[in-house]
Amino acid sequence: MRITDYLKNNIIYLDGGMGTLLQEQGLRPGELPERWNLTHPEVVQSIHRDYYDAGSHVVNTNTFGANSLKFPAEELEDIVKAAIANARAALAESHGKQPKWVALDIGPTGRMLKPYGDLDFEDAVSVFAETIKLGVKYGADLVMIETMNDSYETKAALLAAKENSDLPVFVANAYGEDGKLMTGANPAAMVAMLEGLGADAIGVNCSLGPKALVGVVEEYLRYASVPVLLKPNAGLPKSVNGKTVYDVLPNAFAEDVASRICRGVRIAGGCCGTTPEYISATVKASADILPVTIQKKNITCVSSYTHAVVFGESPILIGERINPTGKKRFKEALKAHDMDYILKEGIAQQEKGVHILDVNVGLPDIDEVQMLMEAICELQAIINLPLQVDTADPTAMESALRRYNGKAMINSVNGKQESMDAVFPLVKKYGGLVVALTLDENGIPDKAEERLAIARKILAESEKYGIEKKDIIFDPLAMTVSADQNAAKETMRAVGLIRNELGCHTSLGVSNVSFGLPARDTINGTFFALALGQGLSAAIMNPYSQEMMKTYHTYRALAGLDDNCTDYIAFAETMPQAVASAASEKIGTTASKDEFGSELQRAIVKGLKEQAAQLTESKLSCAAPLQIVQDEIIPALNIVGVGFENKTVYLPQLLMSAEAAKSAFGVIKSRMSGEKATDKCAFVLATVKGDIHDIGKNIVKLILENYGFPVTDLGRDVPPETVVQETVRLHAPIVGLSALMTTTVPAMEETIKQLRREAPWCKIIVGGAVLNREYADAIGADKYAGDAMEAVRYAEEINQNSKENTR
């Protein structure tokens, strides 16, 4: 039986931890657990068998880190083949009577994807694809993608699974204490993207204990229309007599997980620190619980790498300005490949309050396929708004959708068979909310009823692809009233008919209604208000338009959508400035320079690399290099750093700001003539022996270097002796150690022991997903840093103390 069939009416139990159990059997610090499939198959089989005997329906193969970045091709194939054979042998020998399956376990690569790291998205897809093809070849029943803390890498893994197999795919992400992934995504954003890409089950694993994940799980249950899985850790780790233990015992764990099954979780298991005893207790605790029926949520939404935008709760504003139509300067920017101009336009619209950015780069003189993909990638790197992919070219559309980090809005499809044949397969594969224009081979109908008929035809065709009604938003097309005095009336009627008879959302390009008329903003604002009264869900609009923004804010206040009229009052207070901004319509004038102190600070905060370099070059004509560092670059980094610490800025924004600062520093250094930009102390950094995951380390390095610390990066899988040798050579006062896996924490502890013996003067910072403050204290570290900014703050403190001690 296929597991997805069984899942329809049953609760499924997964297995628990593997790494800690291998350590108990003799896995040495730094030794790769995947190789035990070949060298100790009897141990791996025994662990799998114990899980099946405890009641697991599914065991994960011992392949969490099995990928081509870590193993050569021949060894990778041997490992995957042996891993599946070990699980199959355990399945055959187990005594449990429950249905059983073998899942190919896929963990993260340990590398960060571009533009925040050095791994290209397509290269990541290829890495995952190699392992998945081997899993298919040697007989896995399903694919389990787990412990992903980056939405973009999650998408790469899921795409690889869907493109290279027809196996069911379960996806679990690792959330932090703030309820978000490392790169900023909340549960609603992940549900939107993963459901759109066709995951069969989605949920949460690792990170925290079951109680601490309650909020995240509830968000999944609120938004998901597919089965939700929960695979938490056994609480928090700590070191007792040199052994890693966890603070939630089996019965307490089982009770907590069972309570989530009562709420609707359909798939349950354990992660770090859990054993067959935990699974057995969970099976018993939930034995009498009937599965909660999985309901279709019918939520119309799009998402970015941080959040989802839901249609129907309040009118949605879609910024129209990234579009060359009627914009001479924008056309010039596209032809000149002036990406900074496009980015500044996106930032300016975000600051004006739009919820989604339309992205259209269609010009006859450029390569639209390449330019659209590049524009999407560049915009999503520095702006956390969802994007609307706007193109009539299916090839450009697919290229952009493939690289988009979220669930995109897609503009557009129409009632022509040719259009539906080209666009709907892309919507089905990549997910998205597609704008459907109510026109067909006969053009745009005059009457609202005829537009409604086209909408029905589009819905019928979309159903053939399995695209749900919630993922279609209709544009009944605003026509100019200067050519037809009934045009606006029929469009508004069509909005009402589509909303009331089909139950679908609608969007309009509002400004089309006033074409050819004077004082167009006045017409546009009134038409927008009338359309909202008919149930309009969204508008593609000019956010610099005073009339449009007036209408939006007043409508929300009058419709009871603005608590205490707070947003309206804030808008009203800015109206004089908004008038000036609308009159000039100059990009970037919507943000007060005073908010940042200077244009250079603003460029760094917003992550505009080219502009940061240009402004630094300009400032050097009237300011000393060190003055610019102290008065401009460091304060800008502090603005972003404080935002990151306060959870108002997310990791990608922090990294792009750091890259912009790096560009500014590059200009500074070229003028320094051998002078040091700063006099900070040396910092040695390494990922410990046996661990190839260096995302956290690389983030810390980038931020430290921007704050002026000379960092010696020893890389990944670094032996303790190498760390000690370099620390002694530099007499470095600070060492940073990183580990992602429970199996490599002993190597971190050994490194600390050797540093204490050979370099007693140095302070040791540790970080990584498997650590916490208590654990760091137990293995002898001076500081646990939960994120890069915490490491920087501690390094600044040590640097200051070091200076004072040398005076």
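Throughout, residues of each chain are indexed from 1 in the direction in which the sequence is written. The predicted origin of the model limits local features to residues at a pLDDT of at least 70 and limits the giving and counting of side-chain atom pairs to 80 or more, whereas totals for whole chains, interfaces and linings rest on all residues. The side-chain figures draw on all heavy atoms in the structure; neither hydrogens nor water molecules are used.

A.B. asks: Mind showing me how you'd approach the overall build of the protein chain here?
C.D. replies: Put simply, DSSP marks the helices as runs of H or I at least four residues long and the strands as runs of E at least two long, and each gets a number from the N terminus on. When its secondary structure is counted, the protein chain shows 31 helices and 25 strands. Atoms considered for the radius of gyration are the C-alpha atoms alone. The globule rule reads 2.2 Å times the number of residues to the power 0.38. For 807 residues, the compact-globule formula gives about 28 Å, and the C-alpha radius of gyration of the protein chain, at 28 Å, lands near that figure. With respect to the principal axes defined by its C-alpha atoms, the protein chain has extents near 85 × 75 × 50 Å. The burial tally for the protein chain puts 61% of its 807 residues in the buried class. Nonlocal contacts in the protein chain, meaning residues at least 24 apart in sequence, comprise 76% of its contacts between residues at least 6 apart. Here the positive residues are Lys and Arg and the negative ones are Asp and Glu; neither His nor the chain ends is included. By convention, the point assigned to a charge is CZ for Arg, NZ for Lys, CD for Glu and CG for Asp. Across the protein chain, 81 positive and 103 negative side-chain charges occur, with their mean positions spaced 1 Å apart. Only protein chains enter the accessibility calculation, which uses a 1.4 Å probe; a residue is then buried when its area is under 20% of its type maximum, exposed when over 50%, and partly exposed in between. Contacts between residues were defined by any pair of non-hydrogen atoms, one from each residue, lying within 4.5 Å.

A.B. asks: What should I look at first to understand the nonpolar core in this one?
C.D. replies: A general tendency of soluble globular proteins is for nonpolar side chains to be buried together. We define a nonpolar core as any set of buried Ala, Val, Leu, Ile, Met, Phe, Trp, Tyr and Cys residues linked to one another through side-chain atoms lying within 4.5 Å. The biggest cluster of nonpolar side chains holds 207 residues, and the ones touching the most others in it are Phe128, Ile145, Tyr220, Phe474, Phe528, Ile633 and Ile703. Take this core: its biggest share by element is 11 residues, from helix α26 (residues 651-670). For isoleucine 703, the residues in contact, after removing those within four places along its chain, are Leu654, Ala658, Ala788, Met789 and Val792. Listed in part, the 26 residues of the second largest apolar core include Val723, Val724, Ala747 and Tyr784.

A.B. asks: Hey, could you run me through the sheet that holds strand β7 (residues 228-231) in this one?
C.D. replies: Strands in a sheet are paired, the pairing made by backbone hydrogen bonds, and the direction either parallel or antiparallel. Strands are treated as partners if at least two bridges between them are detected by DSSP. An order of β1-β10-β7-β6-β5-β4-β3-β2 is seen for the 8 strands of this open sheet, with the pairing classed as parallel. Strands with a single pairing partner mark the edges of an open sheet, and in this sheet they are β1 (12-13) and β2 (58-60). Bridging between β7 and strand β10 (residues 267-268) involves 2 bridges; their strand directions are parallel. In the sheet register, leucine 230 faces β10, and the bridge partner there is alanine 268.

A.B. asks: Can you walk me through the pattern of salt bridges in this structure?
C.D. replies: Where charged atoms of side chains with opposite charge meet at close range, the side chains can pair. By definition, a salt bridge exists where a carboxyl oxygen of Asp or Glu is found within 4 Å of a side-chain nitrogen of Lys or Arg. The full count for this structure, using the stated rule, is 46 salt bridges. Residue lysine 457 pairs with aspartate 440 through a salt bridge whose shortest N-O separation is 3.6 Å. Residue lysine 457 is located in helix α17 (residues 448-464), and its partner aspartate 440 is located in the loop between β17 (433-437) and α17; the two are separated by 17 residues in the primary sequence. You can call lysine 457 partly exposed: its relative accessible area is 33%. When its relative accessible area of 12% is taken as the criterion, aspartate 440 is described as buried. The partner of aspartate 567 in a salt bridge is arginine 556, with the nearest N and O atoms 3.1 Å apart. With a gap of 11 residues between them, aspartate 567 in helix α21 (residues 566-573) and arginine 556 in helix α20 (residues 546-558) connect regions that are remote in the sequence. The exposure class of arginine 556 is buried, given its relative accessible area of 10%.

A.B. asks: Is there a simple way to explain the sheet that holds strand β20 (residues 538-541) in this structure?
C.D. replies: In space, the 8 strands of this closed barrel follow the order β13-β14-β15-β16-β17-β18-β19-β20, with parallel pairing throughout. Pairs of neighbouring strands in the sheet enclose a mean axial angle of 30 degrees, with direction left out of account. Relative to β20, strand β19 (residues 505-509) runs parallel, the two being bridged by 3 bridges. Counterpart to serine 507 in the pairing with β20 is alanine 538. Helix-sheet contacts for helix α14 (residues 368-382) involve β14 (356-359) and β15 (387-390), and the interaxial angle to β15 is about 175 degrees. Here an angle of 0 to 180 degrees is reported between the N-to-C directions of two axes, which are lines fitted to C-alpha atoms, with helices fitted over the stretch in contact.

A.B. asks: I'm lost on the domain arrangement of the protein chain in this one. Help?
C.D. replies: One frequently used descriptor of interface size is the decrease in accessible area upon assembly of the parts. Boundary definitions for the domains trace back to an automatic or database domain assignment. Partitioning the protein chain into domains gives domain 1 (3-285), domain 2 (313-543), domain 3 (583-670) and domain 4 (683-806). In this complex, domain 1 contributes 15 residues to the contact, which on the side of domain 2 involves 14 residues. Linking domain 1 to domain 2 there are 4 salt bridges. Of the charged contacts in the structure, one is a salt bridge between glutamate 122 and arginine 402, with a shortest N-O distance of 2.6 Å. In the analysis that follows, any N or O atom pair within 3.5 Å is treated as a polar contact, provided that within protein one partner can donate a hydrogen and the other can accept it, and provided that, for residues neighboring in sequence, both atoms belong to side chains. On inspection of domain 1 and its partner domain 2, the count reaches 12 residue pairs in polar contact (both at pLDDT 80 or more). The element that contributes the greatest number of residues to the side of domain 1 that touches domain 2 is helix α7 (residues 151-164), accounting for 5 residues. Counted by class, the side of domain 1 that touches domain 2 contains 9 nonpolar, 2 polar and 4 charged residues. We call Asp, Glu, Lys and Arg charged. Ala, Val, Leu, Ile, Met, Phe, Trp, Tyr, Cys and Pro are nonpolar, and the rest, Gly among them, are polar.

A.B. asks: In this structure, what is going on with unusual backbone geometry? I would like to understand it.
C.D. replies: A negative phi angle is the norm for most residues apart from glycine, just as the trans form is the norm for most peptide bonds. Cis geometry marks the peptide bond from lysine 114 to proline 115, where omega comes out at 10 degrees. Here the residue pair asparagine 411 and serine 412 is connected by a cis peptide bond, since its omega of 20 degrees sits within 30 degrees of zero. By secondary structure assignment, the location of serine 412 is in strand β16 (residues 409-414). Of note, the phi angle at asparagine 564 is positive, near 60 degrees, even though the residue is not glycine. Structurally, asparagine 564 is set in the loop between α20 and α21. Although it is not a glycine, lysine 647 sits at a positive phi angle of roughly 65 degrees. Inspection of the secondary structure assignment puts lysine 647 in the loop between α25 (625-645) and α26.

A.B. asks: How should the environment of valine 257 be read in this particular structure?
C.D. replies: Within the secondary structure layout, valine 257 lies in helix α10 (residues 250-263). Residues valine 257 and leucine 561, 304 residues apart in the sequence, show an inter-C-alpha distance of 37 Å. In this structure valine 257 touches Pro210, Pro232, Ala268 and Thr282, once residues within four positions along its chain are discounted.

A.B. asks: Can you walk me through the pairing of strand β13 (residues 316-319) in this structure?
C.D. replies: Consecutive side chains along a regular strand alternate between the two faces of the sheet. Burial along β13 is two-sided: the face carrying Ile316 and Ile318 and the face carrying Leu317 and Gly319 are both buried. For β13 and β20, the ladder comprises 4 bridges, and the chain directions are parallel. Among the inter-strand pairings, isoleucine 316 is bridged to a residue of β20, identified as alanine 538. As paired strands, β13 and β14 are joined by 2 bridges and run parallel to one another. Looking at β14, one finds that isoleucine 318 is bridged to isoleucine 356.

A.B. asks: Any chance you could explain the side chain of serine 419 here in plain terms?
C.D. replies: Residue placement: serine 419 occurs in helix α16 (residues 417-430). Assessed through its relative accessible area of 14%, serine 419 is described here as buried. Not counting the four nearest positions on each side in its chain, serine 419 is found in contact with Val413 and Asn414.

A.B. asks: Even after reading the chapter, I still don't get the packing of helix α5 (residues 73-93) against helix α6 (residues 121-137), so can you show me in this structure?
C.D. replies: When two helices pack together, their arrangement is given by the angle between the helix axes and the distance between those axes. Where α5 meets α6, the axes come as close as 9 Å, and the angle between the chain directions of the two elements is 45 degrees. By the angle between their directions, the pair α5 and α6 is classed as oblique. Our pair here, α5 against α6, has a crossing hand that is right-handed. Contacts between α5 and α6 pair Leu76, Glu77, Val80 and Ile84 from the former with Thr131, Leu134, Gly135 and Lys137 from the latter. Considered class by class, the residues forming the contact of α5 with α6 number 4 nonpolar, 2 polar and 2 charged. For classification purposes, an angle smaller than 35 degrees is called roughly parallel, one larger than 145 roughly antiparallel, one from 65 to 115 roughly perpendicular, and anything else oblique. By convention, the crossing between two helices is left-handed when the near helix turns anticlockwise from the far helix through less than a right angle, and right-handed when the turn is clockwise.

A.B. asks: Explanation requested: the environment of phenylalanine 330 in the structure shown.
C.D. replies: Along the chain, the position of phenylalanine 330 falls in helix α12 (residues 328-335). Note: C-alpha distance between phenylalanine 330 and alanine 529 (199 residues apart in sequence) is 29 Å. The residues contacting phenylalanine 330, other than those within four sequence positions of it, are Arg321, Ile322, Asn323, Pro324, Tyr341, Ile342 and Asn360.

A.B. asks: Quick question: what am I supposed to make of the packing of aromatic side chains here?
C.D. replies: Two measures describe an aromatic ring pair: the distance that separates the ring centres and the angle between the ring planes. Working definition: rings of Phe, Tyr and Trp (its six-membered ring) pair if their centres are within 6.5 Å, and the pair is stacked with planes under 30 degrees apart, edge-to-face with planes over 60 apart, and tilted otherwise. Applying the stated criterion across every chain yields a total of 6 aromatic pairs. Note on phenylalanine 330 and tyrosine 341: the rings are 6.2 Å apart at their centroids and 70 degrees apart in plane angle, and the pair reads as edge-to-face. Here phenylalanine 330, found in helix α12, pairs with tyrosine 341, found in helix α13 (residues 339-352); they are 11 residues apart in sequence, far enough to count as distant. The class for phenylalanine 330 is buried, based on a relative accessible area of 2%. Taking the relative accessible area as the measure of exposure, tyrosine 341 reaches 15% and is therefore buried.

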